[in-house]
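Take a look at the letters that make up each chain.
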Amino acid sequence: MVVNEFSEGVAARALRDAVKRIRDHEAGWLAMLREEVPSYDPEENIADDGEETDRMDFIQNEQAHDAQLLLRELFEEFAALTTN
């Protein structure tokens, strides 16, 4: 693998952007969980049994898929910065 020459500033910006995107992603999903599943406890990662647990499981499954897409995007962006 050939590493492109780029400044530390470019690398730092790319990392800060990635961290912000990950934090925004997590905050958005957490807000959705709290809105859609009022009994959701983020510390314990539980909700009331029944419909709330089912809804929590569904949302968390969607969150996992969305997180996978975000990781793929970040990987592609980092790869483009570091390879020819």
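Since the structure is predicted, the reported quantities are computational estimates derived from the model, not experimental observations.

Rules and cut-offs
Residues numbered from 1 in each chain as written. Predicted model: local features only at pLDDT ≥ 70, side-chain atom pairs only at ≥ 80, totals over all residues. Heavy atoms only, no water. Axes fitted to C-alpha atoms, helices over the stretch in contact; angles between N-to-C directions. Helix = DSSP H or I, 4+ residues; strand = E, 2+ residues; numbered from the N terminus. Parallel < 35°, antiparallel > 145°, perpendicular 65-115°, else oblique. Nonpolar A, V, L, I, M, F, W, Y, C, P; charged D, E, K, R; others polar. Core = buried A, V, L, I, M, F, W, Y, C linked by side-chain atoms within 4.5 Å. Buried < 20%, exposed > 50% of the residue type's maximum accessible area, 1.4 Å probe, protein only. Contact = heavy atoms within 4.5 Å. Polar contact = N/O pair within 3.5 Å; in protein donor to acceptor, adjacent residues only side chain to side chain. Salt bridge = Lys/Arg side-chain N within 4 Å of Asp/Glu carboxyl O.

### Re the packing of helix α1 (residues 8–36) against helix α2 (residues 51–82)
Step number 1: Packing of α1 against α2 leaves a shortest axis separation of 11 Å and a crossing angle of 170°. The angle between α1 and α2 falls in the class roughly antiparallel.
Step number 2: Its residues assigned to classes, the contact of α1 with α2 comprises 15 nonpolar, 3 polar and 9 charged.

### Examining the nonpolar core
Step number 1: Among the nonpolar cores identified, the biggest contains 7 residues, and these are W29, L33, V37, Y40, A47, M56 and I59.
Step number 2: Dropping the residues within four chain positions of it, I59 is found in contact with W29, M32, L33, E36 and V37.

### Observations regarding the side chain of Q63
Step number 1: Mapped onto the elements of the fold, Q63 is located in helix α2.
Step number 2: A distance of 3.4 Å separates polar atoms of two side chains, one belonging to Q63 and the other to E26.
Step number 3: Once you skip the residues sitting within four places of it in the chain, Q63 turns out to touch H25, E26 and W29.

### Observations concerning the pattern of salt bridges
Step number 1: Under the counting rule described, the total for this entry stands at 5 salt bridges.
Step number 2: Taking the shortest distance from any N to any O, the salt bridge between R21 and D17 comes out at 3.6 Å. Taken together, the residues span about one helical turn, with R21 and D17 both in helix α1 at a distance of 4 residues.
Step number 3: Overall, the relative accessible area of 21% leaves R21 in the partly exposed class.
Step number 4: Judged by its relative accessible area of 35%, D17 falls in the partly exposed class.
Step number 5: Across the pair E77 and R21 runs a salt bridge whose closest N-O atoms are separated by 2.7 Å. Here E77, found in helix α2, pairs with R21, found in helix α1; they are 56 residues apart in sequence, far enough to count as distant.
Step number 6: Classification of E77 as partly exposed rests on a relative accessible area of 36%.
Step number 7: Here the salt bridges do not stand alone but share partners, grouping D17, R21, E73 and E77 into one network.

### A short note on the environment of E44
Step number 1: As for its placement among the helices and strands, E44 is situated in the loop between α1 and α2.
Step number 2: Between the alpha carbons of E44 and A79 there is a distance of 36 Å; along the sequence they are 35 residues apart.

### Quick word on unusual backbone geometry
Step number 1: The phi angle at N45 is positive, at roughly 55°, despite the residue not being glycine.
Step number 2: Structurally, the position occupied by N45 is in the loop between α1 and α2.
Step number 3: Of the residues examined, N45 reaches a relative accessible area of 38% and is grouped as partly exposed.

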